[in-house]
Amino acid sequence: MIQLIPAIDIIDGQCVRLTKGDYQQKTVYAADPVEVAKRFEAMGFTRLHVVDLDGAKARHVVNGDVLKAITSHTSLVVDFGGGVKTDADLYTVFDAGASMVTVGSVAVAQPELMERWVSEYGAQRFVLGADVRGRRLSINGWLDDSNCDLLPFIQHYHAMGIRNVLCTDIARDGTLMGPSTDLYRDIMAAFPDLQLIASGGVSNVADILQLQAAGIPAVVFGKAIYEGRIQLEKGRLTSGCDEIVIS
């Protein structure tokens, strides 16, 4: 059974979604991310992916207080990403109650720092953020492209024990165009023991079922819920005649 992970993206303390990572294409869906998180928990979700978009742009954690409020008012297992660049940022996120930290930009641009963090905190506390255009990594809130290729990047950290990888196809994120199933299938073929989390493009339950059929372990989604394309009922998601149990 694929693990279902709703997402909350934060700008100015509000729950938002961008399209293709473009800060100029922002839609605000809720004023209070904590209430959104509580709703997700009430529907049966146990995991939550939180992204500090202000932090990603500013290159330091900005919305640690929102994270703290979410972890204080829910029992959700939260992974948090966006703006984690320094030891102080990492401490802020863990101190605010995140179970795991999603790190992408530092893992690409400062591998020595990422390696030290993994050594100090343990590989299980990290989700490797692999945000791609084509199959090249993008960093700093997707504002900058790198020369780093996806599979060698994953291989480097896989050798260090990291198994949680969140891969976002930027071209599909927030577009409701469907996920990049072939991309995720290729990653799983290369690294069959990954806890790979697919991200970007999910528009309905059929998309999730497609990922499940392809053997993808987990999926993050948000806009499809906020736009009403996926309906939340306690213990399950529905759209049209398709449904899937929340696990």
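Look up: the structure comes first, before these words.
In this report, the structure presented in the accompanying data block is examined. Just so it is clear, the model here is predicted, and its values are computed rather than measured.

The rules behind the values
- Residues numbered from 1 in each chain as written.
- Predicted model: local features only at pLDDT ≥ 70, side-chain atom pairs only at ≥ 80, totals over all residues.
- Heavy atoms only, no water.
- Helix = DSSP H or I, 4+ residues; strand = E, 2+ residues; numbered from the N terminus.
- Rg over C-alpha atoms; globule rule 2.2 N^0.38 Å.
- Buried < 20%, exposed > 50% of the residue type's maximum accessible area, 1.4 Å probe, protein only.
- Contact = heavy atoms within 4.5 Å.
- Pairing = 2+ DSSP bridges.
- Right-handed = clockwise from strand over helix to strand, strands pointing away.
- Polar contact = N/O pair within 3.5 Å; in protein donor to acceptor, adjacent residues only side chain to side chain.
- Salt bridge = Lys/Arg side-chain N within 4 Å of Asp/Glu carboxyl O.
- Arc of directions from axis to C-beta.
- Core = buried A, V, L, I, M, F, W, Y, C linked by side-chain atoms within 4.5 Å.

1. Quick word on the overall build of the protein
- Regarding its fold elements, the protein presents ten helices and 15 strands.
- Since a compact globule built from 247 residues should have a radius of gyration of about 18 Å, the 16 Å found for the protein is in line with a globular shape.
- C-alpha extents for the protein along the principal axes are approximately 50 × 40 × 35 Å.
- Considering the protein as a whole, with its 247 residues, one finds that 58% of them fall into the buried category.
- Here the analysis covers contacts within the protein between residues at least 6 apart in sequence; of these, 64% occur between residues at least 24 apart.

2. Remarks on the pairing of strand S11 (residues 195-199)
- Burial analysis of S11 places four of its five residues in the buried class, which makes it a mostly covered element.
- Inspection of the sheet shows strand S10 (residues 164-169) paired to S11 by five bridges, in the parallel sense. What sits directly across from Val165, in S11, is Leu196.
- For the crossover that starts at S10, traverses helix H8 (residues 181-190) and ends in the parallel S11, the hand is right-handed.
- For the crossover that starts at S11, traverses helix H9 (residues 205-213) and ends in the parallel strand S12 (residues 218-221), the hand is right-handed.

3. Brief notes about the environment of Arg135
- Residue placement: Arg135 occurs in the loop between strand S7 (126-133) and strand S8 (136-139).
- Distance from Arg135 to Asp149, taken between C-alpha atoms, is 6.0 Å for residues 14 residues apart in sequence.
- Sequence-distant contacts of Arg135, defined by excluding residues within four places in its chain, comprise Cys148, Asp149, Leu150, Asp182, Leu183 and Asp186.
- In terms of polar contacts, Arg135 uses its side chain to reach the side chain of Asp186, at 2.9 Å.

4. A word on the pattern of salt bridges
- The final tally for this structure, using the stated rule, is 14 salt bridges.
- Salt-bridge contacts for Asp9 lead to Arg17; the nearest nitrogen and oxygen are separated by 2.7 Å. No difference in accessibility class separates Asp9 from Arg17, as the two residues are buried.
- One network of salt bridges, in which partners are shared, links Asp9, Arg17 and Asp173.

5. Focus on H8
- Residues of H8 that are buried: Thr181, Leu183, Tyr184, Ile187 and Met188. The buried residues of H8 occupy an angular sector of 160° when projected down its axis, which confines them to one face. Relative to its buried face, H8 has exposed residues pointing more than 90 degrees away, namely Asp182 and Ala189.

6. Some words on the nonpolar core
- By size, the foremost hydrophobic cluster in this structure holds 74 residues, and its most contacted members are Leu4, Met114, Ile187, Ile208, Phe221 and Leu237.
- With five residues, the single largest contributor to this core is helix H1 (residues 33-43).
- Ignoring sequence-local partners within four residues, the contact set of Phe221 consists of Leu4, Ile5, Pro6, Ala7, Phe45, Val202, Ile208, Ile230 and Leu237.
- Of all hydrophobic cores here, the second largest spans eight residues; its members include Ile5, Leu166, Ala218 and Val220.

7. Quick look at the pairing of strand S2 (residues 14-19)
- For S2, a buried count of five out of six residues is recorded, marking the element as mostly surrounded by other parts of the structure.
- Bridge count between strand S1 (residues 3-11) and S2: three bridges; the pairing is antiparallel. Note that in S2 the partner of Ile10 across the bridge is Cys15.
- Here S1 folds back onto S2 in antiparallel fashion, the turn holding two residues, of which Asp12 has a positive phi close to 55°.

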